[in-house]
Amino acid sequence: MTTGTAYLLVAIAGTGCALPQRAVREILPLPRLWRPPGAPGALAGFLNLAGSAVPVLDLAVLFGLGRPVTAQAALYRHLVLLHGEAPLALLVDRVADVVRVEAGQVRPVADEATLNGCVAAEIRLGDTLVHGLAIDRILLAEERERLAARTREAQARLAEWAA
């Protein structure tokens, strides 16, 4: 029997992070995104997913880590579509693997140690530490409200063009 918690390992501007696998709906190659004028830098744009406007957050920009500079690095970028009431996708530089982590490999991080407590844990994988992200804390409450308003606007724009 397999034990532990499953995580999706991703790279964000050279930083190793882990997302709880239960939060991940799907992994998509990076498609063309529509970015409305005046959108905040962390909003990479919107994905049209079967007629639904899905906001895409660029985690490197959101976390202040910068962007990859090489064209080769851009080839491996992916969207991680999340489960949840409101559609949301995360733009990452690379999806590396899915791993199962035992409780002893996970060390909690104090909420006040990271912005909004978005890094919930440090996970030891061999000699490497990766940041375990708390999906529900990636955005502040005010940011979630503003993103929801932008998503409604994008959905209305898509509906105008629907046949």
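**Q** I'd like a rundown of the overall build of the protein chain, residues and numbers included.
**A** The secondary structure content of the protein chain amounts to three helices and 11 strands. The secondary structure elements of the protein chain, listed N-terminal to C-terminal, are β-β-β-β-β-α-α-β-β-β-β-β-β-α. Sequence separation of 24 or more characterises 55% of the internal contacts of the protein chain that already satisfy a separation of 6 or more. Working note: accessible area of the protein chain is about 9400 Å², and carbon and sulfur atoms make up 54% of it.

**Q** Got a sec to walk through the nonpolar core? Specific residues and values, please.
**A** Of all hydrophobic cores here, the largest spans 29 residues; its most connected members are V10, I12, L19, L59, V80 and L90. Of all the secondary-structure elements, those providing two or more residues to this core are strand 1 (5–12), strand 2 (15–20), strand 4 (43–49), strand 5 (52–58), helix 1 (59–62), strand 6 (78–82), strand 7 (89–92) and helix 3 (141–161). Aside from chain neighbours lying at most four places away, what touches L59 is I12, L90, L91, V92, L133 and I138. Counting nine residues, the second largest nonpolar core, distinct from the first, contains A44, L47, V56 and L79.

**Q** Pulling in residues and values, what's your account of the environment of P108?
**A** Tracing the chain through its elements places P108 in strand 9 (residues 106–108). A relative accessible area of 65% means that P108 is categorised as exposed. Along the backbone, P108 and A60 are 48 residues apart, and their C-alpha atoms lie at a distance of 22 Å. Apart from residues no more than four positions distant in its own chain, P108 is found in contact with A120 and A121.

Cut-offs and rules
Residues numbered from 1 in each chain as written. Predicted model: local features only at pLDDT ≥ 70, side-chain atom pairs only at ≥ 80, totals over all residues. Heavy atoms only, no water. Helix = DSSP H or I, 4+ residues; strand = E, 2+ residues; numbered from the N terminus. Contact = heavy atoms within 4.5 Å. Areas by Shrake-Rupley, 256 points an atom, 1.4 Å probe, with all protein chains shown as cover. Core = buried A, V, L, I, M, F, W, Y, C linked by side-chain atoms within 4.5 Å. Buried < 20%, exposed > 50% of the residue type's maximum accessible area, 1.4 Å probe, protein only.

Just distances and angles here, no functional claims.
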